[in-house]
Structure formats: structure tokens, C-alpha cells
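Working through the structure, step by step
What follows is each chain in one-letter form.
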Amino acid sequence: MWWVYAILSAFFASLTAIFAKIGITGVNSNLATAIRSIIILLVAWGIVLARSEYKGISALSRHNLIYLIVSGLATGLSWIFYFKALQAGKVTQVAPVDKLSVALTIVLSVIFLGESLTLKTAIGAILIIIGTVILIFE
């Protein structure tokens, strides 16, 4: 079932790029990111409250909180730079280069999480990196 969620994530991420490019026309990219973040905050908390999942807050450890906060900071910086890149470039360039994060995540998961690297995964990551380089220097 994970792959269904992953495909839905990819689909909505693609819509994000299109709608963001249209939405940031003539708008400061940091302001646009802040507005987008408020919407995400409302949607996420709306789902948590509607499903009574807020009860899990008390089970969070300090370790959980630290890494969720750091993850949030990384997400925020990613969005800020993504919107800045969308404002300066074409969606057809920015979105694929942004997906270099897939290859970087594979490398970092091996280094920091000790995940195994299969030949198939390594080849996929290398192809993503090659594709990114081609897009940057076209």
C-alpha cells in the first residue's frame, strides 16, 4: 500500500509546482511560502483533530520532538529555496532538479540510517544525478 501513497504524493507534488508557479507571479517568494505554510498547517491539524490523533502528542519523546523540529526546519528551508527557484526558473527545470533530493536521500539513508544499497537503487540514483546535471547545464 505504501506505493499508492507515494504515487499520490508525487501527483500532488507535481500539482504543487504548477500551482506555485502560477501563484508566485508578482509575489515575494518568501511571502508565498509563508501563506502556503499556513494552509498546510491548517490542513494537517484539521486531519489530526478530525481523526483524534492529537492524543498521541503525550507519547512523543524528546528524541521524537528534536528530530521532528529539525525535519520541519529542513522542510521550511527546502520550500523557501524551491519557491525562489520557481520564481527565477521554469517549472520544467526546477521541479526535476528539486528531485535530486531522491538521489541525495538514498545516499544519506545509507550513511545515516544504515540502509542497504542495492545495485538497482544505486543505478537509479546515478541516473537521477546524471539527469539533473543534464538539466542544469543544457
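Residues numbered from 1 in each chain as written. Predicted model: local features only at pLDDT ≥ 70, side-chain atom pairs only at ≥ 80, totals over all residues. Heavy atoms only, no water.

The full count for this structure, using the stated rule, is one aromatic pair. A ring pair is formed by Phe11 and Phe12, whose centres lie 5.2 Å apart and whose planes are at 70°; its orientation type is edge-to-face. In this structure, Arg36 is placed above the aromatic ring of Trp79, and the distance from its NZ or CZ to the ring centre is 4.7 Å. (Phe/Tyr/Trp six-rings, centres within 6.5 Å; stacked < 30°, edge-to-face > 60°. Lys NZ or Arg CZ within 6 Å of the ring centre and 35° of its normal.)

Note on placement: Ser29 falls in helix H2 (residues 29-50). Every residue in contact with Ser29, bar those within four places of it in the chain, is listed here: Phe83, Lys84 and Gln87. (Helix = DSSP H or I, 4+ residues; strand = E, 2+ residues; numbered from the N terminus. Contact = heavy atoms within 4.5 Å.)

Attention now goes to the nonpolar core. Residues Ala17, Ala20, Ile24, Ala32, Tyr82, Phe83, Leu86, Val91, Val94 and Ala95 constitute the largest nonpolar core, which totals ten residues. Sorting the residues of this core by element identifies helix H1 (2-23), helix H3 (62-88) and helix H4 (91-98) as the ones contributing at least two each. Discounting chain neighbours no more than four positions away, the residues touching Ala32 are Ile24, Val27 and Phe83. (Core = buried A, V, L, I, M, F, W, Y, C linked by side-chain atoms within 4.5 Å. Buried < 20%, exposed > 50% of the residue type's maximum accessible area, 1.4 Å probe, protein only.)

Let's shift gears to unusual backbone geometry. One non-glycine residue, Ser52, lies in positive phi territory at about 55°. Note that Ser52 resides in the loop between H2 and H3. By relative accessible area, which is 32% here, Ser52 ends up partly exposed.

Moving on, we come to helix H5 (residues 100-113). Look at H5: 19 Å from first C-alpha to last across 14 residues, which is about the 20 Å you get at 1.5 Å a residue. When we look at burial in H5, the residues that qualify are Ala103, Ile106 and Ser109. Each element contacted by the buried residues of H5 is listed here: helix H6 (119-136). Following H5 by one or two positions, Gly114 has its phi on the positive side, about 70°. (Expected span 1.5 Å × (residues − 1).)

What follows covers the pattern of salt bridges. This structure, assessed with the given rule, holds two salt bridges. Put simply, Arg51 and Glu53 hold a salt bridge, and the shortest N to O gap is 2.8 Å. On the basis of relative accessible area, Arg51 is assigned to the exposed category, the value being 59%. In this structure, Asp98 and Lys99 form a salt bridge, with 3.3 Å as the shortest nitrogen-oxygen distance. For Lys99, a relative accessible area of 39% corresponds to the partly exposed category. (Salt bridge = Lys/Arg side-chain N within 4 Å of Asp/Glu carboxyl O.)

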